Amino acid sequence: MTASFMILAVLTVAGTVSAMGLRNAVHCVLALALSFAGIAMLYLQLGAQFVGFTQILVYVGAVAILAVFAIMMTHNDKPMALPDSHAAWVAGCVVAVAVFAVLTRAIVSSTTAVQIQTQTVAPQPGVTVQQIGDALLHRFVVPLEIMGVLLTAALIGAVVIAMDRREEMK
Amino acid sequence: MVGEGILKGLAETARNFFGSYVSKDRLTTVQYPEQREPQIEATRDFPFLVYDGADWQQGMRCVACQICEKECPPKCIYIDKSKDKKPDAFGKSQFYPATFNIDISVCMSCQICVEVCPFDAIKMDVDYHLSSDNRFGGLMLNKQRLSKSNEYYNAIHPTEAAAVDAQRAEEKAKLDAKAKAAADAKAAADAKAAAESSLAQFAPNQSAAGDPQ
Amino acid sequence: MSTATHSAASFELEQATEPGMDQLLEIAMGPQHPSTHGVFRMNVLLDGERVVRLKPVFGYLHRNHEKIAENETYLGSMPYTDRLDYMCPLTNNWAYALAVEKLAGITVPERAEYLRVITGELTRLQNHACLIGFLMQDMGASGTPLMYAFRQREIILDLFEALTGARMMCNYMRFGGCRVDLPAGWLDQAKKVVAEFPLFLDEYERLLVSNEILMDRTQDVGVLSAELAISAGISGPMARASGVDYDIRKVDRYSIYDRFNFRVPLGSHGDVYDRFMIRVLEMRESVSILQQAMRDIPEGPIVDPKTKIRGFRPKPGEAYGRIEAPKGELGFYLVSDGSPNPYRYRVRPPSLINLTILEDLCLGRNVADVVVILGSIDIVMGEVDR
Amino acid sequence: MTCLALWMPQLDQIFVTASHWLLSYLPAALQPLASAILSVAAIIVAFATLFALTTLLERKGLGRMQNRYGPNRVGPCGLFQPLADGVKSLTKEDIVPIRADRAVHFMAPVLLVAASFMGYAVLPIGRNMIMVDMNAGVLFFFAVGSLMELAVFMAGWSSRSKYSLLGAMRAIAQMISYEVPLVLASIVVLMQAGSLSTVSIVNMQASYSGIWPHWFVFTPWGFAGFVLFMIAATAESNRSPFDLPEGESEIIAGYYTEYSGFKFALFFLGEYIGMFATSGMAITLFLGGWSAPFSFLAWVPSYLWFFAKLLTIIAIFIWVRGTLPRLRMDQLMNLAWQFMLPMTLFNLIIAGVWHFMPGGLLRWLVCSTMVVVPCILFGGGLKRKKKFQIRTYHFSQ
């Protein structure tokens, strides 16, 4: 529990809480981006450079922007109305607690986590980018390719759908 | 090939970039307060009143005929005619402007006043340093501020002023000649009258007929 | 997004009544906007960046020119015409002088006609050069072509200053001639300027004409068909870019234009690129006219001695005088009742008439195209609003 | 001469030595923190000065291209002009639109500047002069680059101005589109270097055969990659002819229309700092980083080479800005997706071929052909589709 971890944790949690609690949808997305960035920092603190940077690149750079675009497209910049009943809040809290419990159990039972906790000095990156690359292109090459094909198909599909709509508009 | 036109354009700007260091006449900018463009003779901006001689009040050519006031398209000239008369450059007794104001915040430098003036009294100035911290009074030029000497006029518009001076000299010579002729005639008439004075008592109507006036 | 509350000009009503319109974005481009050529305003309804509707709004520079002229003497309106299209005062002077001469039946001496042609064509050169500069500025070219054009314009304005006394507000033409004769050495200087002008045009063409970005931005953008051009009364380079063979210098043969050998370039597409190129080609033709005029200019008086400066009262009647101004047909319509002031005074400004088809050219295009199309029409708000 | 030869390596490492010397006075516990602060301060000072210098150079260069003098009034040759500009922007009134989202409106320029400065952490400015030699340095660089999009969006959205919004939309669309070719163009280098670390990439290029350096730009794929990278970098940093997000003739100033005073200056700063960072990355990836262009010039301190290369690239940026008109949005997108993307992908193949072919003239020939042919193909396709050409005109009579 270093000071930097505390700061990052508070930042991340605060971001997440405000992402749920703020009235303005764009503010929510910005808060969400903050929590993404916080999580990325946590990864970096753990020495997982690749995951950390990918988190920033994908989540802050792309997902948050995508969410923002979605909000802009719907032209809805008015503050959202709060839900009438507290039932949704209660349900949400229950789910959150359940997920938290499961995750905690998983982490505690994980052997590597315990190992790292016992070390006093922050470790050098256990896994380098090179190793990840090697793993992706040797052991996991087939899943990687399948994912690539899937994403390409999705991309082409999206383009086709968009082109159809363009035609209709003309 | 894509990019050919772009490269041509790049070559052109590069040529101008280096050219501006090599040939100074490419740089048309004048470094204003230190450097001035040579004054072009025909340049005009706002009108001024010409006076002859040393005293601006004495030599003022304007006779307050108010033609320019009438013809001025934006009506920026304000003239009050004097009650009394004073002799002008030709020695004729004329009115003079008691007030002569030009609001150069309204004036549009069209020089129609110059064209219509029969006395060559109003001409166009070239002084463009006119800024004033007084918005209304500062640009309302009165008679004194408007008055500039004929020498100044000769300095700023030499060709035009020379023509005007020549014309005025001619006019003056004509007038002088006329006056001289008149004076001569008068003198002759006087002499004649004196000579004939002895006979005047006999012919009283003759001297009146000899008067040129 | 909020809607502007300028009632008549805004699209509030359409957005409230027509289905689907409330999803669109209305922006007011102007009157304070970097590329509206003065104080012009376009209310544009956008779908994304595509223009769905466009309403031109003008009148921000209205100076009551025509009504003032009815209370001025005939000569008194001459300096005001400088201020119509302030880029080319001399052609404005010319058109007005032509109308009054028609009204009063005044003839113009030979030398004065030559002087008018020389100053008028110099005006055309500097107007077209600047227009192309402005057009490139609207396209985002950081001012380089504009600065080259202005460098050249300065040289021509120096000539104007030496001749007329003012760089822009020349007030040079008079009924029955011109105000002053050429000062000593002016003609040689002008010959030099005109001889060097093609060098500038070459530079311009190297910089721009084959530029892919420019071609991509302007070709097939803002296409004006010949039919629309004719039915909307478009004139000048804009009509000629659409292939309409209409040049008043050839049609009316006013002044002494029948003595000069020049060609009229015609476009075939009617897009922004054609309008740009037609102007470049016209500049080359103007250079040729200028060279012929400066070679042939005779000696003689510069103003009809019979015309009076003061107390000018044309006989009752009406007249319409028009010339091929750099922007198109510039006409003055005058009705005289025999008094020193015109009874009716009306200007037919090319800028305003050419502007009327703006929406037709812009519909379905991008915001970026709107700016370029507006630039290619060549307007000066002093003339549009008067 | 021998004295010089002896001192040059010292001069090369003068900043490194100085920092070590300074740090040695501090307790060991504080040393990492102090080292970081020192490096950050050095980077901010160096590049903020470069920013000031560049604004002046840009105005002077543009002026000369347009046959003007450019600023020459403040100080000798207008050298203090940036200072005057800075004082002016600091003392100007800070106007926030009444309906603006004040907090976001304030945070946008701060985030932009912060994000644009972060990239410098992995740029090797000289030999041993890098703030953090990260294992995944290049990845870090692109990751923080993507933060700028968020800042731009914040600026555009929070101003509540339609022009700002249009500008932000344009900017984000443009930055996302060009991030793809930017990253893909740099991948060829990563393939060759086999590392994401900027230090090892530069070290690979810092050797010589004869007098010629092993810069990646001197290979067919490297040259193509460099050109593509620079085009994408121009678009990423919103420079002309890709300055649509702030296209002043169309949408006033784009996403910073509603900014004034110092916040406006911050945007300006952020934009230039971002441009230097991407240019610095291009230098690192393709132009051999801090290494000298000829082996006999290797005695010149390394950081000078880095800045010399940076200034050259800046000069090219200014030159292009002074010449070209702006593209339109759809043309920009066409260029990105129809030319840049296929070219960068194809370039990957070329780099692979280069890697596996035996060295020699044949390899050069094959790879050069492989660069030129698709370039003409894709470029021609772009041109053919739009059917634009130089026209001939006829005259009446």
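Definitions and limits used
- Residues numbered from 1 in each chain as written.
- Chains lettered and ligands numbered in written order.
- Predicted model: local features only at pLDDT ≥ 70, side-chain atom pairs only at ≥ 80, totals over all residues.
- Heavy atoms only, no water.
- Contact = heavy atoms within 4.5 Å.
- Buried area = accessible area lost by both parts, 1.4 Å probe.
- Salt bridge = Lys/Arg side-chain N within 4 Å of Asp/Glu carboxyl O.
- Polar contact = N/O pair within 3.5 Å; in protein donor to acceptor, adjacent residues only side chain to side chain.
- Axes fitted to C-alpha atoms, helices over the stretch in contact; angles between N-to-C directions.
- Helix = DSSP H or I, 4+ residues; strand = E, 2+ residues; numbered from the N terminus.
- Parallel < 35°, antiparallel > 145°, perpendicular 65-115°, else oblique.
- Nonpolar A, V, L, I, M, F, W, Y, C, P; charged D, E, K, R; others polar.
- Domains from an automatic or database assignment.
- Pairing = 2+ DSSP bridges.
- Phe/Tyr/Trp six-rings, centres within 6.5 Å; stacked < 30°, edge-to-face > 60°.
- Buried < 20%, exposed > 50% of the residue type's maximum accessible area, 1.4 Å probe, protein only.

Glancing now at the interface of chain C and chain B. Residue-level contacts link 31 residues of chain C with 30 residues of chain B. When chain C packs against chain B, the two sides together hide about 2500 Å² of surface, and 51% of this comes from carbon and sulfur. It is Arg206(C), Glu212(C) and Arg310(C) in chain C that bury the most area against chain B; as a group they hold 21% of the surface buried on that side. Seen at the junction of chain C and chain B, the total is four salt bridges. A salt bridge links Arg15(B) to Glu203(C), with the nearest nitrogen and oxygen atoms 3.9 Å apart. Between the two partners, chain C and chain B, sit 13 residue pairs in polar contact (both at pLDDT 80 or more).

Further remarks concern the packing of helix α8 (residues 198–205) of chain D against helix α11 (residues 261–286) of chain D. Residues and elements named next belong to chain D. Contact geometry of α8 with α11 gives a least axis separation of 7 Å together with a crossing angle of 50°. It follows from the interaxial angle that α8 and α11 lie oblique. Between α8, through Thr198, Ile201, Val202 and Gln205, and α11, the contact on the second element is made entirely by Met281, Thr284, Leu285 and Phe286. Residues of the contact of α8 with α11, tallied by class, amount to five nonpolar, three polar and no charged.

For the five pairs of chains in contact, the largest share of contacts goes to chains C and D. Looking at chain A next to chain B, you find no contact at all, with the nearest C-alpha pair sitting 27 Å apart.

Considered domain by domain, chain A is made up of domain 1 (1–76) and domain 2 (127–165). Relative placement of domain 1 of chain A and domain 2 of chain A: their C-alpha centres are 24 Å apart.

With that out of the way, let us pick up the pairing of strand β3 (residues 93–103) of chain B. All names here are of chain B. In this sheet, β3 lies alongside strand β2 (residues 77–87) in antiparallel orientation, the contact comprising eight bridges. Across the sheet, Asp80 pairs through a bridge with Thr99, a residue of β3. Sheet topology note: the β3/strand β5 (residues 140–141) ladder contains two bridges and is antiparallel. Residue pairing in the sheet places Ile102 in a bridge with Leu141 of β5.

Here we take up the sheet that holds strand β8 (residues 328–336) of chain C. All names here are of chain C. Strand order across the open sheet formed by three strands is β7-β8-β9, with antiparallel pairing between neighbours. Every interior strand has two partners, whereas the edge strands, β7 (317–325) and β9 (342–348), have only one. Along the sheet, successive strands turn relative to each other by an average axial angle of 10°, direction set aside. Packed onto the sheet, helix α4 (residues 89–104) meets β7, β8 and β9 and runs at close to 150° relative to β7.

At the interface, 61 residues of chain C touch 38 residues of chain D. Carbon and sulfur atoms supply 56% of the area that chain C and chain D bury against each other, a total of about 4300 Å² over both sides. A salt bridge links Asp369(C) to Arg328(D), with the nearest nitrogen and oxygen atoms 3.0 Å apart. Where chain C meets chain D, there are ten residue pairs in polar contact (both at pLDDT 80 or more). Where the side of chain C that touches chain D is concerned, the elements lending two or more residues are β1 (25–29), α5 (110–138), α6 (144–164), α8 (212–218), β6 (264–266), α12 (272–296) and α15 (367–377) of chain C.

A complete count under the given rule lists 45 aromatic pairs over all chains for this structure. Relative to Phe312(C), the ring of Tyr74(C) has its centre 5.7 Å away and its plane inclined at 85°; by these criteria the two rings are edge-to-face. You can see Tyr74(C) sitting in the loop between α2 (65–70) and α3 (78–82) and its partner Phe312(C) sitting in the loop between α12 and β7, a full 238 residues away along the chain. Since its relative accessible area comes to 0%, Tyr74(C) is described here as buried. In textbook terms, an aromatic cluster arises when at least three aromatic residues are bridged by ring pairs, as seen for Phe51(D), Tyr255(D), Tyr256(D), Tyr259(D), Phe264(D), Phe267(D), Phe268(D), Tyr272(D) and Phe276(D).

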